[in-house]
Amino acid sequence: MVLQELGGKISSALQQMTNATTVNQKVFDKCLNDIARALLQNDVQVEIVGDLQSNIKRIVNLDGRAEGHNKRKIIQQAVFSELCKMLDPGKPSFTPKKNEPSVVMFVGLQGSGKTTTCTKYAHYYQNKGWKPALVCADTFRAGAFDQLKQNATKANIPFYGSHTESDPVNVAVEGVETFKRENRNLIIIDTSGRHVQEKALFEEMLQLREATKPDLVIFVMDSSIGQAAFKQAQAFKQSVDVGAVIVTKMDGHAKGGGALSAVAATKSPVIFIGTGEHINEFEDFNVKPFVSRLLGIRDLSGFINQVKEVVQVDEQELMQKLLEQNFTMRIMYELFQKILEGSFNQVLSMLMPKEHENESQVKIRRYLTMMDSMTNEELGSTDLKLMKESRIMRIARGAGRQVSEVFEMFQEYKRLTISVSKMKKMVNTRHTDEFTSNPAFEAAVQRRVDAMIPNITARIAERMQSNDPGSSGGSSGGHPPTTITSWLEKFSKEKPKSFSSASSPSEAEDWLGHIEKLLEGLGCGDEFKARLATYKFEGDALNWWKSYKAAKGDDFMTTLTWAGFREIFLLHFFPVSKQEKFEHEYHNIYQYEKETSTEFMKRFLRLAGFMGARAGTQAEQAKKFKWALRNEVLEGIVNTHFDDVAQVANAVRNLEILKERAKQGVKRNYEGEPVQSGQGNGQRGSNARGGDRRGHDYRGYGRSDQGNYRSGRDYQNRDYQRGDQQNRGRHDYRTSGSYGQKGNGDRATSTPCNSCGKTHPGRQCYRAIGACFLCGDTRHMARDCPQKNGTNNNKGNGGNRQQNSQGRVHSMTRHQAANSSEQIDVELCVRGCDCYWASLKVEPNLILRIKEAQKDDDG
Ligand SMILES: Nc1nc2c(ncn2[C@@H]2O[C@H](COP(=O)(O)OP(=O)(O)OP(=O)(O)O)[C@@H](O)[C@H]2O)c(=O)[nH]1
């Protein structure tokens, strides 16, 4: 942390003074010199250090003090208040108002963090109910607009900028006007980085200010800046009348004294500090708590006085209660009310862990509503055992919330109990060692509360199981749960991973995949999925989600589908460039030359998942996937309709297997059994079923007595699925067929096929591959099947010509077409263009080479 070293040195100087047996002039001077040295070593301006020293001397006035004064305490307080003065000009900065548009302009040196901070600032106010907007008036740095756009998109904040306009004044004016028209009440202008030597750029900054008339100019300052900062800050102040300062990169290890001097030079209050690159790493700045923390003030015995000093008179009563009484739910209630009123934040930031400072108002309001449903006795108690399950359910019902939210409130109470206990210890103890937290005490409190919660949870779960017929109560089997509480219970048992942030898009994707898998496995309905997933958000992700939800309004969660959630989540955790790349890739997707259908399906589904609802319905996705297949793959299924991508992949995979087998030269009869060379087609092989079952236990999709077969040469491409164990793993998408079984007797035990809903054990689905339902031939449909007409005249060597057959050219290979003796009417759809069709009559041995097709008369 910036200034840590400085803080450490000053508090050590104070500690030495406190430890001295008597505090005389010598001890005091040494203390002051140590403090001055520490400040100078940390880049604080000499003049500022000189002023600070003489002010402390004047306040303490050791010679003029009568005996009996606590000199130690007076010196500590003088140092404390002078350090505060250095950072506090004593006049508050402009604060935006919700009911009128405010324009805020950010200025500063290059790379100080303006663009990042603009978004943080906008996000901060957005969370508080403002409607911010960002204008990029940095036309100087290439990429500044993209950076702002990316940050703004992530935070869901409207932005304005231009890649082509080079005059920042024009962009700023247009941006401000646009957003004023759109009733945005906080318009933030990001400007280029500049320094005082760049006269033209300073002039430009003046013009910007003149043109946009900002209500507030914020000087953004990098905390790691050294001595030079003072002059730069002064120049900005003189030029554009800086009204507030934001100090960035406070998470670093810089000395930070230069920043202190620069702040003093602007004579403007510091309003926020940046503590990291992420949008939420942004804190309200309050001078006294900051200096307290800087000096490790909790270790000082004068702590209580300083606490009182920062607490307003009307807050002191509550402070007293916090310190002197048991921390009851009622006190928590009062504390929350104060927080909502905007007071008490100073004390909170000083005493409570950071998450309480940032506790969202929405959550606090929810807790208050739930506490409104509690009895006086419950509110006045510290004993959570009082909370019987019936009462918890009653409170949840009374407040219109879920039982899990009541538990969440208890957890909050538990956390605050611990914090308040720590605070009391700090305040009431006079010995330095005891200021540090007491693990034994914390553990005891934790144990006490933890012991109660599971008990209650278990009882509630039991109760709900008996009350809610739809609740599974976590047990397997039975009906699926029908309430979010029972789903949550079931889901939690799967130990889903939490998610707070992602260092790369793939990390976010992995988490989403993990959750999706769990939810699928549980058979969870779409209405619960998004809510369950968001229960696992923590930290940054949780903050983002809370503000996103708040911006979308109350009904948002009730209508959110899983696809919608996926889309929102991925859009947030993927950089814009990546999003655009994925979208582009999805729209232009084609199967690569060497890509298998399995690989292609995975790639397709990944992109479709990313697109969320924009990817269309399952059937639309299936259509897109089908038409994106390689030509030779597409050929086999072009006329088949599919309901989802898995069906397409299934069909394609089966065709691929047939081709592979054909390449390996293994011939099989229609039962899928290998045949000896010379063995007649259309006959069952002599070594059929009873023989080597392991080797040939998969049924082919033809029937031995129904084949429409001519000569052996045609069948290489329609060989049947292999029965060998090796290939089992390849049937990735098979949903039908019962391996190792055959005959109709197997149907009862087979899983219904995804494509047609029927069972057809041991063979692939005719519908999926577009084959004839009667004989399994892929070149005609059932209505043209020779079987049906009783004209099994194609059997044999192909000499008999089948007239008027409705050809299905898609499933005829080039080889088959070349050797066909039939004349078939075909319609060809030109790939990718639904409106281009060519009607052709295919003569025997005609090889088609279609390069271009004309639209037919119907357009
Ligand atoms: N660690 C840390 N880094 C920060 C903080 N604020 C900004 N940064 C980083 O500082 C770098 C510069 O930030 P920008 O926002 O681009 O700075 P800028 O002032 O807009 O830059 P110019 O437009 O070139 O003047 C970026 O890498 C930010 O991520 C902060 O509070 N902590």
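Look above for the structure.
Residues numbered from 1 in each chain as written. Predicted model: local features only at pLDDT ≥ 70, side-chain atom pairs only at ≥ 80, totals over all residues. Heavy atoms only, no water.

Engineer: Any chance you could explain the overall build of the chain here in plain terms?
Structural biologist: In terms of regular secondary structure, the chain is built from 37 helices and 10 strands. Out of the 859 residues in the chain, the part that is buried amounts to 51%. Approximately 40200 Å² of the chain is accessible, and the part contributed by carbon and sulfur atoms is 48%. (Helix = DSSP H or I, 4+ residues; strand = E, 2+ residues; numbered from the N terminus. Buried < 20%, exposed > 50% of the residue type's maximum accessible area, 1.4 Å probe, protein only. Areas by Shrake-Rupley, 256 points an atom, 1.4 Å probe, with all protein chains shown as cover.)

Engineer: What is the right way to look at helix 5 (residues 114-127) in this model?
Structural biologist: Residues separated by three or four positions in an α-helix point in the same direction, a consequence of the helix having 3.6 residues per turn. Taking 1.5 Å as the rise per residue, helix 5 with 14 residues should run 20 Å; its terminal C-alpha atoms sit 20 Å apart, in good agreement. The element helix 5 is largely enclosed, with a buried count of 12 among its 14 residues. Listed as buried for helix 5 are Lys114, Thr115, Thr117, Cys118, Thr119, Lys120, Tyr121, Ala122, His123, Tyr124, Tyr125 and Gln126. Within two residues after helix 5, glycine 129 carries a phi angle of roughly 100°, on the positive side. (Expected span 1.5 Å × (residues − 1).)

Engineer: Just to check I follow, could you spell out the site of the ligand for this structure?
Structural biologist: Near the ligand lie 19 residues; those nearest to it are Lys114, Thr115, Thr116, Arg141 and Asp251. One nitrogen or oxygen atom from the side chain of lysine 120 is found 3.4 Å from an oxygen atom belonging to the ligand. One of the backbone nitrogen or oxygen atoms of glycine 274 is found 3.3 Å away from an oxygen atom of the ligand. Taken by itself the ligand offers 650 Å² of open surface, and the protein chains cover 80% of this. Classifying every residue of the shell around the ligand by side-chain character gives 1 nonpolar, 11 polar and 7 charged. (Near = heavy atom within 4 Å. Polar contact = N/O pair within 3.5 Å; in protein donor to acceptor, adjacent residues only side chain to side chain. Nonpolar A, V, L, I, M, F, W, Y, C, P; charged D, E, K, R; others polar.)

Engineer: Which parts of the structure should I look at to understand the sheet that holds strand 4 (residues 186-191)?
Structural biologist: Two modes of strand pairing occur in sheets, parallel and antiparallel, and in both the strands are linked by backbone hydrogen bonds. Within the open sheet, the 8 strands sit side by side as 3-2-4-1-5-6-7-8. Their pairing is mixed. Looking at the sheet topology across the chains shown, the edges are occupied by strand 3 (159-160) and strand 8 (282-284). Strand direction decides the pairing type here: strand 6 (residues 244-248) and strand 7 (residues 270-274), joined by 3 bridges, are parallel. Paired with valine 245 across the two strands is valine 270, which belongs to strand 7. Contacting strand 1 (102-108), strand 2 (132-137), strand 4 and strand 5 (216-222), helix 8 (residues 199-212) runs over the sheet at an angle of about 175° to strand 1. (Pairing = 2+ DSSP bridges. Contact = heavy atoms within 4.5 Å. Axes fitted to C-alpha atoms, helices over the stretch in contact; angles between N-to-C directions.)

Engineer: Looking at this model, I keep getting lost on the pairing of strand 1. Mind explaining?
Structural biologist: Side-chain positions along a regular strand alternate between the two faces of the sheet. Taking burial as the measure, the 7 residues of strand 1 include 7 buried ones, the bulk of the element. Burial along strand 1 is two-sided: the residues Ser102, Val104, Phe106 and Gly108 and Val103, Met105 and Val107 are all buried. For strand 1 and strand 4, the ladder comprises 5 bridges, and the chain directions are parallel. The residue bridging valine 103 from the neighbouring strand is isoleucine 187, located in strand 4. Both strand 1 and strand 5 contribute to a ladder of 5 bridges, which runs parallel. What sits directly across from valine 104, in strand 5, is leucine 216.

Engineer: For this particular structure, what's the right way to read the pattern of salt bridges?
Structural biologist: For the coordinates displayed, the defined rule picks out 17 salt bridges. The salt bridge involving arginine 391 is made with glutamate 378; its shortest N-O contact spans 2.6 Å. Taken together, the positions of arginine 391 in helix 19 (residues 389-399) and glutamate 378 in helix 18 (residues 376-379) put the pair 13 residues apart, joining distant regions of the chain. The salt bridge involving glutamate 516 is made with arginine 566; its shortest N-O contact spans 3.0 Å. (Salt bridge = Lys/Arg side-chain N within 4 Å of Asp/Glu carboxyl O.)

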